[in-house]
Each structure stands twice: as structure tokens, then as C-alpha cells.
Amino acid sequence: MWLLVFLVILVVGLPVQGQLRNGFYAFPCPQAEAIVRSTVEAHFQKDPTIAAGLLRLHFHDCFVQGCDGSVLITGSSAERNALPNQGLRGFEVIDDAKSLLEASCPGVVSCADILALAARDAVDLSDGPSWAVPTGRKDGRVSSSSQASNLPSPLDSIATQKQKFAAKGLDDHDLVTLVGAHTIGQTDCIFFRYRLYNFTTTGNADPTINQSFLRQLQALCPQNGDGSKRVALDKDSQTKFDASFFKNVRDGNGVLESDQRLWDDASTRNIVQNYAGDIRGLLGFRFDFDFSKAMIKMSSIEVKTGSDGDIRKEAETSMHLFFQCPVSSRVWYLSQLRVHGAFALLTWSIWLARNDHIFRNGNVDENQIIASDYRLWINESLEAQDVPVLLEKPTVMHKWTPPSG
Ligand code: HEM
């Protein structure tokens, strides 16, 4: 009885955001948030710039039919293939977390929640704030590239930026605060190079760019240079989540045109100025605090709950089942069979021959299978880093890509 009362108090007492709530996975999968955290950490240790990729991934998910994991769906007409999504990064982090979660709590944790949790952990690991993420999102079933036009463009005027955010229930204050995410990460030259050359009718650069910063940007992105060269969005601290982005905007050191435009409009300039001020906390405009609040708001855009969505399953392939999933990978490791790489490849060769026979009417020739196995073994040993991975203790899985053929 007391246990029941305790559970009711606990559940009722948890903060709620719409139909989401903090600690949603506490009972069905208590280790869910820790698994996401350790996965993000493992990737972050190898590449701290991945934090920016994860934060942007969540933003792009939320702005197109809500925070429903639809940005992860693959396919030629899927959202992921839309032009504004071309530079998105961090998909492998979400895949790894999903694999580990499916091994621990199958069918419980949505991809949409993993994206929201990973974005929070990415900011925290970059020395930014942390916050409790209300969870309980379901995954959407559809993904359409045409809907990605909702996403803001770096060429958008301030009025368009405000209107695109308002359409998602975010006000001007949220807009400025959330764009502060550009305190970490990078952009391709192609997204701002037009500001550096022939921007005005008289052939000059965008006059709102600080002159010494202009020379730096021109050196990084020559007029006819490689448009895909990456440049920091925050010139001083691209892996540290701090308020320096706003100082950049104030001083004419914003990289994207849309960022610099935040200084042109009286209402957005006021907010930038407060965040850029040396006295943090003035008038309640504390960036870290506000950013956490704005992220919780953004993470709740048009979420799907109940029967509106699913808990997406991992694509189950034979390769995944036998080699990639964390459980089978650990089994290979724990078996201590030093020949298991060869054994695994022979199993794989038999599987390929079987598929060839069933689906393409191919002949089954045992010598061919062995020859193909030797070829795979030599190729994998010489070229791929993946086979030796099986000899190390797997933590977060480095995926073993299927041998071709
Ligand atoms: C007016 C709104 C916004 C515009 C026009 C905009 C535009 C862009 C562009 C053009 C890039 C560079 C992409 C590339 O070269 O690959 C970028 C990067 C980035 N954006 Fe935004 N963005 C906006 C708002 C946001 C918001 C709300 C967030 C998150 C809350 C965000 C997070 C990021 C991050 C972290 C990066 C760096 C990504 C990386 O290093 O891979 N952006 N953004």
C-alpha cells in the first residue's frame, strides 16, 4: 500500500511539459538516460565537434513535423535528403545509442527522445548548461523532404526568422536564445561567402562585417576556393558553449547573415545586448538559464504521444543480428575465439551464397564460397579496421560494415 502511495506521489510530482514528463523511462528502462549519455560521451571524447552536430540534428528534427525522429528516416524522398539537411551530422551517435537501448530495453525508448537527450548531453559536455529533458515522445511514421522548407535559411530576413519560429510556438526571445547554439559548431564557406565579395551594388563586402574579421574570413574562404571548407560559427571558442556568440554579433563578427541580422532589429538587438553584457544575469537574461528553458520548449514542438506514433525498431538485418548488435558483439568478444573473425566471415559467405541462390537463382558452389571467404578475409584484414575491433572489448559499437558482394 505504502509503495503504491509512494509511486503515485512520485509520478504526480514529476514536472510535466505537455504530455511529456521528466523521468518517463524511470520504470520501464531506468538506465535509458545513462546509456544515451555514455554513448554521446564516447563519441565526444573522439571528436568534440560532434556536440554541435547533435544539437543541430535535434533542432532540424523538431522544425519538420515536430520532434518525432523523422529526420533519421532514410529514403530518397525523406526529410534527411532535403537540401537544408545535407550537412547534418551525428546520425551514428543516435544509431549507437539506439542499438544499446534496444539490447537493454527492447521497444521502449523512442528515437525522438534519444535525439532530445543527446542534444542536452552534447551541450553539457561542451561546458554549457544541463537540464531535465521531459521524455515520452513517440516516433513519427512519415518523413517528407518537401516539408523541410520550414527550416530557417541563413539568408532569411529577421522578419522571416521571427515568423518561422512563431509558427512553431517560439517567440522572439526564444529565437535569439536558441540561435545562441551557434556558439558551437561550424559552417561551410558556401553559406556566407557571398557576404565577403560583391555583396553591395558597388562591389563591396557586407558592410556590417567588422573589417578585421572580414579579412580573416576572406583568407579562410577565397572567392573561388572550396565552398565546403568549414569555418567556426563562433570565432573564439567553437567547442565551448558560452555567450561569446552574442559578443560576436554585437561586434560585427557574426558569420552567417541571419546571425548578424539579429543586431539590426530593435527587439532582437536588445536581447543580444543583454546576453553579451559583462554582468551576467542582468534583467534575467541569463543565457545558460534561458537556453535550457528554450530548449525544453523547442523539444516539445508538435510531439507525438500515445497512439500518434511508434517506438521505432532498429532495422534488423542478418549482419546486425550476428555481428553488429551490442549483445552479439560482446558474445564474440567473450568467446575469446581467436579465429572468430574467419569463422564470422565464412558464416557471412554462406549467407550471401544462400541469398544469391534463393533470390537470384545462383548456383551453390562450395569452392566458390570458400574462395569468396578468403577474398573477404584478406580484404578485411588488409583494409578494414573492423575485424580487429572484434578482438577488443566493445564499449560503444564501432559498426562492422557488411562485406560487399
Ligand atoms: C534562424 C535560425 C537558424 C539558421 C538560419 C541556421 C542556419 C545554420 C547554418 C547555415 C549552419 C551551417 C550548416 C553547415 O554548414 O553544415 C548552422 C549550423 C549549426 N546550427 Fe543553426 N541555424 C539556425 C538556428 C539554429 C538553432 C535554433 C539551433 C539549435 C538549437 C542551431 C544549431 C546549430 C549548430 C549547433 C550548428 C553547427 C553544426 C555543425 O557544426 O555541424 N541552429 N545553422
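Nothing here was measured: the structure is a model prediction, and the numbers come from that model.

1. Details of the overall build of the protein
Logical step 1: Assigned secondary structure in the protein consists of 17 helices and four strands.
Logical step 2: The buried share of the protein, taken over its 405 residues, is 39%.
Logical step 3: Look at the contacts in the protein between residues 6 or more apart in sequence, and 74% of them connect residues 24 or more apart.

2. Some remarks on the site of the ligand
Logical step 1: Taken together, 25 residues sit near the ligand, with A52, G87, P152, A181 and G185 positioned nearest.
Logical step 2: Taken together, the elements giving at least two residues each to the shell around the ligand come down to α3 (50-63), α7 (172-179) and β3 (186-188).
Logical step 3: The greatest single-element share of the shell around the ligand, amounting to five residues, is contributed by α3.
Logical step 4: Both domain 1 (18-141) and domain 2 (154-288) contribute no fewer than three residues apiece to the shell around the ligand.

3. Side note on the nonpolar core
Logical step 1: Membership of the largest hydrophobic core comes to 65 residues, with the highest contact counts inside it found for L54 and A118.
Logical step 2: Secondary structure elements with two or more residues in this core: α2 (32-46), α3, α4 (91-104), α5 (111-125), α7, α9 (244-250), α11 (266-276) and α12 (287-298).
Logical step 3: Broken down by element, the residue count for this core peaks at eleven residues, all from α5.
Logical step 4: Counting the residues that make up this core, at least three belong to each of domain 1 (18-141) and domain 2 (154-288).
Logical step 5: Apart from residues lying up to four places away in sequence, A118 is in contact with V36, V40, L54, V93, I94 and A97.

4. Quick notes on unusual backbone geometry
Logical step 1: The residue Q65 is not glycine, and still its phi comes out positive at about 45 degrees.
Logical step 2: Mapped onto the elements, Q65 comes out in the loop between α3 and α4.
Logical step 3: Phi is positive for E302, close to 40 degrees, though the residue is something other than glycine.
Logical step 4: Along the chain, E302 turns up in the loop between α12 and α13 (318-324).

5. Concerning the UniProt feature "binding site: substrate" (unreviewed entry) in the protein
Logical step 1: As recorded in UniProt, the sites labelled "binding site: substrate" (unreviewed entry) are P152.
Logical step 2: With respect to the helices and strands, the residue P152 is situated in the loop between α5 and α6 (158-166).
Logical step 3: For P152, the contacting residues outside a window of four places in its chain are Q161, K164 and S258.

6. Concerning the UniProt feature "active site" (unreviewed entry) in the protein
Logical step 1: The UniProt entry lists H60 under the feature "active site" (unreviewed entry), expressed in the numbering used here.
Logical step 2: Structurally, H60 can be placed in helix α3.
Logical step 3: Apart from residues lying up to four places away in sequence, H60 is in contact with V71, N85, L88 and L151.

7. Some details on the environment of T135
Logical step 1: As for its position among the elements, T135 is in the loop between α5 and α6.
Logical step 2: Judged by C-beta crowding, with 24 C-beta atoms within 10 Å, T135 ranks as buried.
Logical step 3: Measuring from C-alpha to C-alpha, the distance between T135 and G23 comes to 6.9 Å, with 112 residues separating the pair along the chain.
Logical step 4: Non-local contacts of T135, meaning those with residues more than four positions away in its chain, are made with L20, F24, Y25 and D113.

8. Here's the deal with the confidence of the model for the protein
Logical step 1: Counting all residues, the mean pLDDT for the protein is 84, and 78% of those residues have values of 70 or more.
Logical step 2: Across residues 1-14, confidence stays below pLDDT 50; counting only partners more than four residues off in sequence or on other chains, it has three contacts.
Logical step 3: Low confidence marks residues 382-405, where pLDDT is under 50. Its contacts with residues over four positions away, or in another chain, come to 36 contacts.

9. What about the environment of W332?
Logical step 1: With respect to the helices, strands and loops of the structure, W332 is situated in helix α14 (residues 326-335).
Logical step 2: Expressed as a C-alpha distance, the spacing of W332 and A344, which sit twelve residues apart in the sequence, is 9.2 Å.

10. Notes on the packing of α6 against α7
Logical step 1: In the contact formed by α6 and α7, the axes pass within 9 Å of each other and the chain directions differ by 100 degrees. By the angle between their directions, the pair α6 and α7 is classed as roughly perpendicular. In this structure, α6 contributes Q161, K162 and F165 to the contact, and α7 contributes D172, D174 and L175.
Logical step 2: Here the contact of α6 with α7 is built from residues that sort into two nonpolar, one polar and three charged.

About the thresholds
Each chain carries its own residue numbering, running from 1 in the direction its sequence is written. Confidence filtering applies because this is a predicted model: local features only for residues at pLDDT of at least 70, side-chain atom pairs given and counted only at 80 or more, and all residues used for totals across whole chains, interfaces and linings. Going along the chain from the N terminus, every DSSP run of H or I of four or more residues is numbered as a helix, and every run of E of two or more is numbered as a strand. Field definition: a residue is buried when 20 or more other C-beta atoms are found within 10 Å of its C-beta, exposed when 12 or fewer are, and partly exposed for counts in between, with C-beta atoms placed from the backbone. We call two residues in contact when the distance between their C-beta atoms, placed using the backbone, is within 7 Å. Defining nearness, a residue is near a molecule or strand when the C-beta atom obtained from its backbone falls within 6 Å of it. Start and end points for every domain follow an automatic or database-based domain assignment. By definition, a nonpolar core groups buried Ala, Val, Leu, Ile, Met, Phe, Trp, Tyr and Cys residues that connect through C-beta atoms lying within 7 Å of each other. UniProt positions are given in the numbering used here, feature names are shortened, and annotations may be inferred rather than shown by experiment. The score called pLDDT rates the predictor's confidence residue by residue, from a low of 0 to a high of 100. All axes are obtained by fitting lines to C-alpha atoms, using only the stretch in contact for helices, and the reported angles, taken between N-to-C directions, cover 0 to 180 degrees. Angle categories: roughly parallel below 35 degrees, roughly antiparallel above 145, roughly perpendicular from 65 to 115, and oblique for all the rest. Lys, Arg, Asp and Glu make up the charged group, whereas Ala, Val, Leu, Ile, Met, Phe, Trp, Tyr, Cys and Pro make up the nonpolar group; the residues left over, Gly among them, are polar.

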